[in-house]
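# Notes for the structure review
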Amino acid sequence: MDTGLQHLHSYMSYLVLAGVLISVIVALAGWFGNKPFTDKDRKLGLLGLIPAHLQWVLGIILYFVSPLGIASATEGFMKNSISRLYVLEHPLMMIIAVVLITIGYSRAKRMVGTGNGFKSIAIFYGIALILILSRLPWHAWPGN
Ligand code: HEM
Ligand code: HEM
């Protein structure tokens with residue numbers, strides 16, 4: 001169960017990165033192309049939002065069942081950069097990133113019919129992507 005979840009969380013990361021990246025590229029193209037933001041474009045934003053939400057839920061479960069999660073928050077874990085990453089930096093940064101993605105999508109949803117929805121997705125998803133990339137456990141992923 002524990003390893004199954006870990007693998008799921010690991011593979012889902014490809015979908016999260018691909019979904020968010022495609023959403024950002026499409027949104028930048030729409031923004032700079034001055035196109036109106038339609039309901040179809042809103043749905044493209046779901047490409048980033050849905051994997052991110054799923055990953056978020058998986059991550060929180062993992063945090064409580066994985067030996068690398070809360071279980072490794074033992075004395076002195078802040079001095080070890082790997083346990084600090086898993087216990088604190090990765091979860092915190094990913095939660096912030098997913099909140100930004102949700103805000104970007106939510107704002108864009110209310111802008112269907114205008115051009116600004118693209119800008120909301122491009123900026124919020126773009127910042128989220130940078131935050132995600134900054135705190136992935138690169139030493140362990142993909143594969144090792
Ligand atoms: C955008 C969201 C997220 C992405 C892209 C992501 C990505 C990853 C990746 C690539 C790994 C390494 C997997 C491996 O070793 O192959 C990992 C591990 C882990 N993540 Fe996330 N994560 C996200 C959100 C979260 C959240 C919100 C939490 C907790 C609140 C979390 C907790 C963990 C834990 C505890 C591990 C270590 C699991 C283990 O190896 O036993 N993640 N994550
Ligand atoms: C299996 C997990 C999840 C999936 C597949 C999922 C999927 C989705 C989808 C498809 C939407 C867009 C709905 C729309 O178009 O209005 C959405 C919106 C949203 N989700 Fe999730 N979600 C998940 C978990 C969560 C969790 C655990 C939370 C909060 C703790 C959350 C908070 C939100 C919020 C606040 C929105 C609103 C965005 C808006 O204003 O439209 N989601 N989610």
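Sequence order as written defines residue numbering, which begins from 1 separately in each chain. For naming, the first written chain is A and the first written ligand is 1, with later ones following in the order written. For a predicted model such as this one, the threshold for reporting local features is a pLDDT of at least 70, and the threshold for listing and counting side-chain atom pairs is 80 or more; totals across whole chains, interfaces and linings nevertheless cover every residue. Excluded from the side-chain calculations are hydrogens and water; all other atoms, namely the structure's heavy atoms, are used.

An unreviewed UniProt entry lists the protein under the name Cytochrome C and Quinol oxidase polypeptide I, with Pontibacter aydingkolensis given as the organism.

Let's shift gears to the coordination of the iron atom of ligand 2. Each metal site is built from N, O and S donor atoms within 2.8 Å (3.2 Å for Na, K and Ca), and since water is not included, such sites may look incomplete. Its sole protein donor being H53 (ND1), the iron atom of ligand 2 sits 2.1 Å from that atom. A run of H or I in DSSP becomes a helix once it reaches four residues, and a run of E becomes a strand once it reaches two; helices and strands are each numbered from the N terminus. The residue H53 is located in helix α2 (residues 39-65) in this model.

For a helix, the expected span equals 1.5 Å multiplied by the number of residues minus one. Helix length check: helix α1 (residues 2-32), at 31 residues, gives a terminal C-alpha distance of 45 Å against a target of 45 Å (1.5 Å per residue), a fit within 8%. Within two residues after α1, N34 carries a phi angle of roughly 50°, on the positive side.

Moving on, we get to the pattern of salt bridges. Salt bridges are defined by distance alone: a side-chain nitrogen of Lys or Arg within 4 Å of a carboxyl oxygen of Asp or Glu. On inspection of all chains with the given rule, the structure shows four salt bridges. Ionic pairing is found between R84 and E89, a salt bridge with its closest N-O pair at 3.1 Å. For R84, a relative accessible area of 24% gives the class partly exposed. Categorising residues by exposure relies on relative accessible area from a 1.4 Å probe, with only protein chains included: less than 20% of the type maximum marks a residue as buried, more than 50% marks it as exposed, and the intermediate range marks it as partly exposed. Take E89: its relative accessible area is 23%, and that puts it in the partly exposed class. Several salt bridges converge on common partners, so that one network encompasses D39, R42 and K43.

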